[in-house]
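# Fold and geometry: a report
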Amino acid sequence: MAAVDDLQFEEFGNAATSLTANPDATTVNIEDPGETPKHQPGSPRGSGREEDDELLGNDDSDKTELLAGQKKSSPFWTFEYYQTFFDVDTYQVFDRIKGSLLPIPGKNFVRLYIRSNPDLYGPFWICATLVFAIAISGNLSNFLIHLGEKTYHYVPEFRKVSIAATIIYAYAWLVPLALWGFLMWRNSKVMNIVSYSFLEIVCVYGYSLFIYIPTAILWIIPQKAVRWILVMIALGISGSLLAMTFWPAVREDNRRVALATIVTIVLLHMLLSVGCLAYFFDAPEMDHLPTTTATPNQTVAAAKSS
Amino acid sequence: MAEAEESPGDPGTASPRPLFAGLSDISISQDIPVEGEITIPMRSRIREFDSSTLNESVRNTIMRDLKAVGKKFMHVLYPRKSNTLLRDWDLWGPLILCVTLALMLQRDSADSEKDGGPQFAEVFVIVWFGAVTITLNSKLLGGNISFFQSLCVLGYCILPLTVAMLICRLVLLADPGPVNFMVRLFVVIVMFAWSIVASTAFLADSQPPNRRALAVYPVFLFYFVISWMILTFTPQ
């Protein structure tokens, strides 16, 4: 029993000997748990910040690697250079086609659908489809119009394919080139917030022509009113797509220049639509004149009376 | 000491005998492989002679190539996703089919003003330029098929449409009318579908899965244009 008491006393004595005074020892005992929680929340905070910095560093390294990869594949004489223009999946092409058919007011087609990844698959194959759609529909339409005539003998007009190809590919690639040059020239004078690359402009123009594929097929209907309604619908959809896309690129400029640019874009589009309809599809009314040759005097008299 | 001298004398007389015997055995065994080596190269040379085709007659060469083209035609008519058409590609079949189709699309009249149909050069350019464009499109989309393999498949799969052209030519010998047109329309649609199925059986597997539709659509457009040219053909 005395030994046990002696042991307890010795322990207390050891603590006393380790520190100068008992009150100091007690204060240190209180301070130790006080310090450890201070360190504990402090160290995770610091480690969190370090981790954040590391993550930022990793992100920077990833970005630099991506940029380096893109820069490395820049020589245009290699095949991989052109593969980047076709780096697009099926669902992306379908999304862009739907976006061109349903232009949303206030939404930019380039920022919403293209997202800095313009492709040449859509523009090329939409133009190819439109060429054959117009040529085949034109032949079918003329066949249906002249079907009732006894003296009519159907002859396919294959040269329409060449003419349609020339017109459509020239429009889909030369007009974007001219527009790109004009925007570059205006950007050198007035800095615009929005600027487009040549490929993005070609991409917008290519997808804007998709609406004309069903329109050309429906132009087979031999009714002039129906045809003009179809032209207005197609022109409204694709024209609004082009206007809403290119208005942000020119609105910082002079008011007159901006309006003139948008009007020119829409007028060229209208010229393409009406020109294709007028050239590749015969007018239905032209058939009625030969049938009314029996009474030319009456028609002339009616015209004179009116 | 006399006994010791006698005892080494006995093994001394025994040791040289097996040595000589071994030498004679070795010499005998060496003769046999020499004869074997002489005969084996002669056999391999005979095989080399068999594999080479320099000394065969021209008739055999032509017959072998014609058989290869015929086999590819059968593969197109019964597409089973085999690799034969892709492995051993050639452009004989496409050339034969393209020329045959272009010739059959010509009209009999010599009047150039009234003839608005496709000329020989136009058909030829559309077929080959179309095939090249589709091939480049496949490669740009990341397809793992070579340039000439794609041309070979697209060209051979024109065979059903060429058969359709032949049938339309025969049907048009009868009186023209709605029934005549319906028969031709049905034949062209069936053969058009056949060409699509045959070509996609060979080409679809070489494309990434997420871009298969993008690669198949140009093939569809290509055969659609050829079908349109066949269907709208009208003789004098």
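Just so it is clear, the structure is predicted and the values come from calculations on it, not from any experiment.

## Side note on the nonpolar core
A:Tyr205, A:Leu209, A:Phe246, B:Tyr223 and B:Ile226 are the most contacted members of the largest nonpolar core, which has 112 residues in total. Every residue in contact with A:Leu209, bar those within four places of it in the chain, is listed here: A:Ile126, A:Cys127, A:Leu130, A:Ile168, A:Tyr171, A:Ala172, A:His269 and A:Leu272.

## Some words on the pattern of salt bridges
Under the defined criterion, the tally for this structure stands at four salt bridges over all chains. A:Asp87 serves as the salt-bridge partner of B:Arg211, at 2.6 Å between the closest nitrogen and oxygen. Pair noted here: B:Arg211 is in the loop between helix H9 (178-203) and helix H10 (212-231) and A:Asp87 is in the loop between helix H3 (79-83) and helix H4 (90-101), and the two residues belong to different chains. On the accessibility criterion, B:Arg211 (12% relative accessible area) is buried. We classify A:Asp87 as partly exposed; its relative accessible area is 42%. We note a salt bridge from A:Arg96 to A:Asp119, for which the minimum N-O separation is 2.4 Å.

## Thoughts on the UniProt feature "transmembrane region" in chain B
When the UniProt feature table is mapped onto this chain, "transmembrane region" is found at residues 85-105, 116-136, 147-167, 185-205 and 213-233 of chain B. Taken end to end, residues 185-205 of chain B is 90% helix and 0% strand, and its two terminal C-alpha atoms sit 31 Å from one another.

## Structural notes on the packing of helix H10 (residues 224-250) of chain A against helix H11 (residues 255-280) of chain A
All names here are of chain A. At a minimum axis distance of 9 Å, the contact between H10 and H11 shows a crossing angle of 150°. Between H10 and H11, the angle is such that the two are roughly antiparallel. Seen from above, H10 lies across H11 with right-handed handedness. Two secondary-structure elements touch here, H10 through Arg227, Trp228, Val231, Leu235, Ser238, Gly239, Leu242, Ala243, Phe246, Trp247 and Val250 and H11 through Arg255, Ala258, Leu259, Thr261, Ile262, Ile265, His269, Met270, Ser273, Val274 and Leu277.

## Description of the UniProt feature "transmembrane region" in chain A
Residues and elements named next belong to chain A. Listed under "transmembrane region" in the UniProt record, and renumbered for this structure, are residues 120-140, 163-183, 201-221, 228-248 and 257-277. With 71% helix and 0% strand, the stretch residues 201-221 has end C-alpha atoms that lie 33 Å from each other. Split by type, residues 228-248 is 100% helix and 0% strand. Its first and last C-alpha atoms lie 30 Å apart.

## Let's talk about the side chain of B:Ser150
With respect to the secondary-structure elements, B:Ser150 resides in helix H7 (residues 147-156). The residues touching B:Ser150, leaving out its near neighbours within four places in the chain, are B:Thr135, B:Ile145 and B:Leu203.

## Notes on empty space enclosed by the protein
Applying the stated rule across the entire model yields five cavities of 30 Å³ or more. If you go around the largest cavity, the residues you meet are B:Ser138, B:Ile145, B:Ser199, B:Thr200, B:Leu203, B:Ala204, B:Ser206, B:Gln207, B:Ala215, B:Val216 and B:Val219.

## Some remarks on the interface of chain B and chain A
Reports often express the size of an interface as the amount of accessible area lost when the parts come together. Between chain B and chain A, the contact holds 31 residues from the first and 25 residues from the second. Here chain B meets chain A over a buried area of about 2,500 Å², counting both sides, of which 68% is carbon and sulfur. Its largest share of buried area at the contact with chain A, chain B owes to B:Leu140, B:Leu214 and B:Trp228, together 28% of the area lost on that side. Run the count over chain B and chain A and you get two salt bridges. For the salt bridge of A:Asp89 with B:Arg211, the shortest nitrogen-to-oxygen distance reads 3.1 Å. Taken together, the connections running from chain B to chain A amount to eight residue pairs in polar contact (both at pLDDT 80 or more).

## So, the environment of B:Ala131
All names here are of chain B. Mapped onto the fold, Ala131 is located in helix H6 (residues 120-140). Judged by its relative accessible area of 5%, Ala131 is buried. Sequence separation of Ala131 and Ser150 is 19 residues, and the distance between their C-alpha atoms is 8.0 Å.

## Considerations on the packing of aromatic side chains
Residues and elements named next belong to chain A. Following the criterion strictly, the structure yields 18 aromatic pairs over all chains and no others. Centroid distance Phe124 to Tyr169: 5.8 Å. Interplanar angle 50°. Geometry classified as tilted. Of the two residues, Phe124 is situated in helix H6 (residues 121-145) and Tyr169 in helix H7 (residues 159-189); the sequence distance between them amounts to 45 residues. Aromatic rings pair up to connect Tyr171, Tyr196, Tyr205 and Phe246 into one cluster.

## What about the layout of surface pockets?
Quantified by volume, the second largest pocket comes out at close to 510 Å³. Elements supplying a minimum of two residues to the lining of the second largest pocket: H6 and H7 of chain A together with H6 and H10 of chain B. Here the element with the most residues in the lining of the second largest pocket is H6(B); it accounts for seven residues. Class assignment of the residues belonging to the lining of the second largest pocket gives a composition of 18 nonpolar, three polar and one charged.

## Details of a nonpolar patch on the surface
Residues B:Val58, B:Ile62, B:Met63 and B:Leu66 make up a contiguous nonpolar surface patch of roughly 390 Å² in combined accessible area. Within the secondary structure, B:Met63 is located in helix H3 (residues 58-77).

## Re the packing of H6(A) against helix H8 (residues 198-208) of chain A
Residue and element names in this part refer to chain A. With their axes 8 Å apart at the nearest point, H6 and H8 run at an angle of 35° to one another. When you trace H6 past H8, the crossing you get is left-handed. Touching Gly122, Pro123 and Ile126 of H6 are Val202, Cys203, Gly206 and Tyr207, all from H8. Among the residues forming the contact of H6 with H8, the class breakdown is five nonpolar, two polar and no charged.

Reading guide: rules and limits
For every chain, the first residue of the written sequence is number 1, and numbering continues from 1 along that sequence. The naming scheme follows written order: chains are lettered A onward, ligands numbered 1 onward. Totals for whole chains, interfaces and linings use all residues, but because this is a predicted model, local features are given only for residues with pLDDT of at least 70 and pairs of side-chain atoms are given and counted only at 80 or more. Each side-chain value is derived from all of the structure's non-hydrogen atoms; neither hydrogens nor water enter the calculation. Only buried residues count toward a nonpolar core, which is a set of Ala, Val, Leu, Ile, Met, Phe, Trp, Tyr and Cys residues joined through side-chain atoms within 4.5 Å. For the exposure calls, accessible area comes from a 1.4 Å probe over protein chains only, and a residue counts as buried if that area is under 20% of its type's maximum, exposed if over 50%, partly exposed in between. It only takes one pair of heavy atoms within 4.5 Å for two residues to be counted as in contact. The working definition used for a salt bridge is a side-chain nitrogen of Lys or Arg within 4 Å of a carboxyl oxygen of Asp or Glu. Helical segments are the DSSP runs of H or I of at least four residues, strand segments are the runs of E of at least two, and each set is numbered from the N terminus. UniProt positions are given in the numbering used here, feature names are shortened, and annotations may be inferred rather than shown by experiment. Here, axes are lines fitted to C-alpha atoms. For helices the fit covers the stretch in contact, and angles between N-to-C directions go from 0 to 180 degrees. For classification purposes, angles smaller than 35 degrees are called roughly parallel, those larger than 145 roughly antiparallel, those between 65 and 115 roughly perpendicular, and all remaining angles oblique. Helix crossings are classified by the rotation of the near helix relative to the far one: an anticlockwise turn of less than a right angle makes the crossing left-handed, while a clockwise turn makes it right-handed. For cavity detection a 1 Å grid was placed over the protein atoms alone, and a set of points counts as a cavity when a 1.4 Å probe fits there but cannot get out; an open set counts as a pocket when protein lies on both sides within 12 Å along at least five of seven lines, with lining residues being those that have an atom within 4 Å of a point. Grid points are joined across faces, edges and corners, and a volume is the space filled by probe spheres set on the points. Two parts placed together each lose some accessible area under a 1.4 Å probe, and the buried area is that loss summed for both. Here a polar contact means two N or O atoms within 3.5 Å. Within protein one must be a hydrogen donor candidate and the other an acceptor candidate, and residues neighboring in sequence count only if both atoms are side-chain atoms. Geometry of aromatic contacts follows a simple scheme: Phe, Tyr and Trp rings, the Trp one being its six-membered ring, pair when their centres are within 6.5 Å, and the pair is stacked under 30 degrees between planes, edge-to-face over 60, tilted otherwise. Under the scheme applied, nonpolar residues are Ala, Val, Leu, Ile, Met, Phe, Trp, Tyr, Cys and Pro; charged residues are Asp, Glu, Lys and Arg; polar residues are all the others, including Gly. For patches, a residue must show more than 30% relative accessible area and have no salt bridge; joins then use 9 Å for like charges and 5 Å for nonpolar side chains, namely Val, Leu, Ile, Met, Phe, Trp and Tyr. Only the protein chains shown count as cover for residues, with accessible areas throughout obtained via the Shrake-Rupley method and a probe of 1.4 Å.

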